[in-house]
Amino acid sequence: MISILLATYNWPQALKLCLQSLETQTDRDFEIIIADDGSTSSTKDLIDTFKAQSSLPITHLWQEDQGFRKAKILNQAIENAKGDYLVFLDGDCIVQPDFVAQHRALSQKGFLVTGSRVLLNEQLTRELTDSDSWNYKAFQSHLLRYRFAGQINKYWPLKIKLGDGHWRIYKKFVWRRIKGCNMACWKADAQAIGGFDETMTGWGHEDADFVFRLQHNHIKRKSGSWATEVLHLFHKIHDQSNAAENARRVREKILAKAL
C-alpha cells in the first residue's frame with residue numbers, strides 16, 4: 001500500500017481541492033495521512049467532513065503552531081504510515097487522476113522519486129478555490145486557453161505521459177527540481193536516515209537535505225517529470241528568513257561528505 005503524507009497549514013480551501021482530487025484516483029490502494037503543522041479548527045472541520053463522505057482511510061495528525069515545523073510533523077506521519085511506500089504531497093497542490101498510479105509505476109527498490117509541478121497563477125487559483133468542487137475533466141478541457149493566457153506555466157507535461165527508463169536516473173546529487181510538495185521514497189529508506197532533520201526550522205530546503213541524505217545512503221534519485229505533475233496553487237511567498245541558513249547547512253553536509 002502507498003501512504004500519501006499530505007502536509008498542510010491553514011488553507012482549508014486549497015486542502016479541500018487536494019483531497020477531492022485524491023478521491024478521484026484510478027489507483028485506490030492508498031491511505032492519506034494529513035500532517036498538519038498547527039492549523040486552526042476550520043481545517044479540522046473540513047477534514048472531519050471529508051472523512052465522513054470518503055471511503056479512503058484518512059488520519060489527521062496535528063501539532064501546535066510554533067512556527068514552521070514541517071519536518072517534525074512529517075516525521076510523525078512517516079512513523080504512522082501503514083504503507084511501505086511514501087508519497088509526499090502538499091495541501092496546496094491538486095493531483096491528476098493517475099497521480100498514485102504513476103508514482104506506483106515509477107517506484108523501485110533502491111530509488112526515490114522527485115516529481116514536478118505545474119504553477120497556477122493567482123487568478124486561476126482564486127477561481128478554483130472559490131468553486132465548490134474539483135473537476136479534472138473540466139480543467140483539462142481548458143488547458144490550451146490557460147496556457148495561452150499565462151495562467152499555467154506548462155502544457156505538454158499534462159498532455160503527454162512518459163514511462164520509466166534510465167533517462168530518469170540522476171547520476172549525482174543536484175539541487176534542481178527537488179520539491180517537497182511531490183516526491184516519494186520507501187518508508188524503510190526514510191527511517192534509515194532518521195527522516196527529516198527537525199533542527200531545520202523555518203521555510204526552506206528541508207526537502208533538499210532529506211534527498212541528499214537518502215542519496216548519501218546509497219538511494220538513487222529518479223525524476224518523476226512527465227508523469228507525476230501536480231497543479232500548484234498560487235500563494236504568497238512564505239517567510240524565508242531561515243532559508244539561507246538552511247541552505248548553508250545542507251551545503252556544509254554535501255561538502256563534508258565529499259571530503
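Note that the coordinates shown come from a computational prediction; the quantities given were computed from them, not determined experimentally.

The rules behind the values
Residues numbered from 1 in each chain as written. Predicted model: local features only at pLDDT ≥ 70, side-chain atom pairs only at ≥ 80, totals over all residues. Heavy atoms only, no water. 1 Å grid on protein atoms, 1.4 Å probe; cavity = no way out; pocket = protein on both sides within 12 Å on 5 of 7 lines; lining within 4 Å. Points joined across faces, edges and corners; volume = space filled by probe spheres on them. Nonpolar A, V, L, I, M, F, W, Y, C, P; charged D, E, K, R; others polar. Buried < 20%, exposed > 50% of the residue type's maximum accessible area, 1.4 Å probe, protein only. Helix = DSSP H or I, 4+ residues; strand = E, 2+ residues; numbered from the N terminus. Pairing = 2+ DSSP bridges. Contact = heavy atoms within 4.5 Å. Axes fitted to C-alpha atoms, helices over the stretch in contact; angles between N-to-C directions. Parallel < 35°, antiparallel > 145°, perpendicular 65-115°, else oblique. Left-handed = near helix turned anticlockwise from the far one by under 90°.

Caption draft 1: Summary view of the layout of surface pockets. Of the voids in this model, the second largest pocket is the one considered here, and its volume is about 170 Å³. Surrounding the second largest pocket, Gly115, Ser116, Arg117, Leu119, Asn153, Lys154, Pro157, Arg177, Lys179, Ser225, Trp226 and Glu229 form its lining. Here the lining of the second largest pocket is built from residues that sort into three nonpolar, four polar and five charged.

Caption draft 2: How the structure looks around the pairing of strand β4 (residues 85-90). Along β4, six of the six residues are buried, which leaves the element largely enclosed by surrounding structure. Along β4, one buried face is formed by Tyr85, Val87 and Leu89 and the opposite face, lined by Leu86, Phe88 and Asp90, is buried too. With six bridges connecting them, strand β1 (residues 2-8) and β4 associate as parallel partners. Within β4, the position partnered with Leu6 by the bridge is Leu89. Relative to strand β8 (residues 182-186), β4 runs antiparallel, the two sharing five bridges. Bridge pairing in β8 places Leu89 opposite Asn182.

Caption draft 3: Quick peek at helix α3 (residues 70-80). Where α3 is concerned, the buried positions are Lys70, Ala71, Ile73, Leu74, Asn75, Ala77 and Ile78. At its buried positions, α3 is contacted by β1, β2 (30-36), β3 (58-62), β4, α9 (187-192) and α10 (206-216).

Caption draft 4: Region of the structure containing the packing of helix α1 (residues 12-23) against helix α2 (residues 41-53). Axis separation between α1 and α2 bottoms out at 10 Å; the angle between their running directions is 20°. Taken together, the axes of α1 and α2 are roughly parallel relative to one another. α1 and α2 meet at a crossing whose hand is right-handed. From α1, Pro12, Leu15, Lys16, Leu19, Gln20 and Glu23 reach across to α2, where they touch Ser42, Thr43, Leu46, Ile47 and Phe50. Residues that form the contact of α1 with α2 fall into these classes: six nonpolar, three polar and two charged.

Caption draft 5: Structural context of empty space enclosed by the protein. Taken as a whole and judged by the stated rule, the model has one cavity of 30 Å³ or more. In this structure, the largest cavity occupies an estimated 40 Å³ of space. In terms of lining, the largest cavity is formed by Lys70, Leu74, Phe88, Gly180, Met183, Phe196, Glu206 and Asp207. Listing elements by their share of the lining of the largest cavity, those giving two or more residues are α3 and α10. Grouping the constituent residues of the lining of the largest cavity by class yields four nonpolar, one polar and three charged.

Caption draft 6: Highlighting the environment of Leu5. Within the secondary structure, Leu5 is located in strand β1. It is 9.7 Å that separates the C-alpha atoms of Leu5 and Thr59, two residues lying 54 residues apart in sequence. Excluding residues within four positions of it along the chain, Leu5 makes contact with Ile33, Leu74, Ala77, Ile78, Ala81, Leu86, Val87, Phe88 and Leu89.

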